[in-house]
Amino acid sequence: MSDILVWKDAYRVGDALVDTQHQELFADCQRVDALVASGKLGSQQAMTQELVHLFEEFRNHFDEEMQHLRRVYHVVYREHERHHAEFLEKLQSILDESNQRVPDVRALIAVVGSWFVDHILDTDIPQFEELRQRGLFAPESWDGKDARSEPGPGSAIPWCGG
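**Q** Would you mind going over the pattern of salt bridges with me for this structure?
**A** Oppositely charged side chains can form a pair if their charged atoms are brought close together. Within this structure, the stated rule accounts for 10 salt bridges. Among the salt bridges present, the one from R106 reaches D33, with a minimum N-O distance of 2.9 Å. Separated by 73 residues along the polypeptide, R106 in helix α4 (residues 105-133) and D33 in helix α1 (residues 16-38) bring together distant segments of the chain. By relative accessible area, which is 4% here, D33 ends up buried.

**Q** Honestly, the packing of aromatic side chains in this entry has me stumped. Any pointers?
**A** Each aromatic ring pair is specified by the distance between its two centres and by the angle formed by the two planes. With the rule as written, the count across this model stands at 11 aromatic pairs. Between W7 and F26, the ring centres sit 5.5 Å apart and the planes meet at 80°, which makes this aromatic pair edge-to-face. Taken as a pair, W7 in the segment before α1 and F26 in helix α1 lie far apart in primary sequence, 19 residues in all. On the basis of relative accessible area, F26 is assigned to the buried category, the value being 3%. Judged by centre distance (3.7 Å) and plane angle (5°), the ring pair of F87 and W115 falls under stacked. Separated by 28 residues along the polypeptide, F87 in helix α3 (residues 78-98) and W115 in helix α4 bring together distant segments of the chain. Taken together, the aromatic side chains of W7, Y11, F26, F58, F62, F87, W115 and F116 make up a single cluster linked through ring pairs.

**Q** Hey, could you run me through the environment of R132 in this one?
**A** Position of R132 relative to the elements: it lies in helix α4. Among the residues examined, R132 registers a relative accessible area of 19% and is labelled buried. Each C-alpha atom, one on R132 and one on G14, is 9.7 Å from the other, the two residues being 118 residues apart in sequence.

**Q** Whenever I open this one, the confidence of the model for the protein confuses me. Can you help?
**A** A low pLDDT score tells you not to read the predicted coordinates there in detail. Per-residue confidence for the protein gives a mean pLDDT of 80; residues scoring 70 or more make up 82%. Averaged pLDDT values over the elements of the protein bottom out at 88 in α3 and peak at 92 in α1.

**Q** In this structure, what is going on with the nonpolar core? I would like to understand it.
**A** Soluble globular proteins tend to bury their nonpolar side chains together. Ranked by size, the top nonpolar core spans 38 residues in total, and within it F55, F58, L69, I109 and V112 carry the most contacts. Sorting the residues of this core by element identifies α1, α2 (44-73), α3 and α4 as the ones contributing at least two each.

**Q** What am I meant to see in α3 here?
**A** Every α-helix winds through 3.6 residues per turn, so residues three or four apart in the chain are directed the same way. Between the first and last C-alpha of α3 there are 30 Å, a value that for 21 residues agrees with the 30 Å anticipated at 1.5 Å per step. Every buried residue of α3 is accounted for by H80, E81, H84, F87, L88, L91, L95 and S98. Down the axis of α3, the smallest arc covering the buried residues is 130°, so these residues share one side. Pointing more than 90 degrees away from the buried face of α3 are the exposed residues R78, E89 and K90. Summarising the contacts, the buried residues of α3 are in contact with α2 and α4.

**Q** Help me understand α2, please; the structure alone is not making it clear to me.
**A** With 30 residues, α2 should cover 44 Å at 1.5 Å per step; its first-to-last C-alpha distance of 42 Å lies within 8% of that length. Once α2 ends, the next one or two residues include H74, with phi positive near 60°.

About the thresholds
- Residues numbered from 1 in each chain as written.
- Predicted model: local features only at pLDDT ≥ 70, side-chain atom pairs only at ≥ 80, totals over all residues.
- Heavy atoms only, no water.
- Salt bridge = Lys/Arg side-chain N within 4 Å of Asp/Glu carboxyl O.
- Helix = DSSP H or I, 4+ residues; strand = E, 2+ residues; numbered from the N terminus.
- Buried < 20%, exposed > 50% of the residue type's maximum accessible area, 1.4 Å probe, protein only.
- Phe/Tyr/Trp six-rings, centres within 6.5 Å; stacked < 30°, edge-to-face > 60°.
- pLDDT = per-residue confidence, 0-100.
- Core = buried A, V, L, I, M, F, W, Y, C linked by side-chain atoms within 4.5 Å.
- Expected span 1.5 Å × (residues − 1).
- Arc of directions from axis to C-beta.
- Contact = heavy atoms within 4.5 Å.

Take a look at the structure:
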């Protein structure tokens, strides 16, 4: 299993719902990676079904995360939504290609995991840090732990819309 697929506390945004969903997505990526490594996904159809399921989990998470930001924090992050949409378009094109040829699923999972880690570190964490700094972090969602001890590069998020 790739190290990129392992959940680390450094990926915490500090919101219980979002962090739980992120952990579940890491576990889903690990599950698919393990199935492929074990040879249990022998057919192209089985691989495609696993990818469809994994990609649907990402789509569901992205939808729920954006709804959560609107409902709990009363903010809209258009750039964040665009980032999700672009990634989902890439995933769809991968699925479309998998109908034509057998994909290297382990390499694909590593790419998905890498994008996800980058997204959490470069978009999600700074965004939730900004919410805390603006005093918008909802107490019922806060898990009581800091996502990071100090804001990192890019913590000032110019694309935040209220």
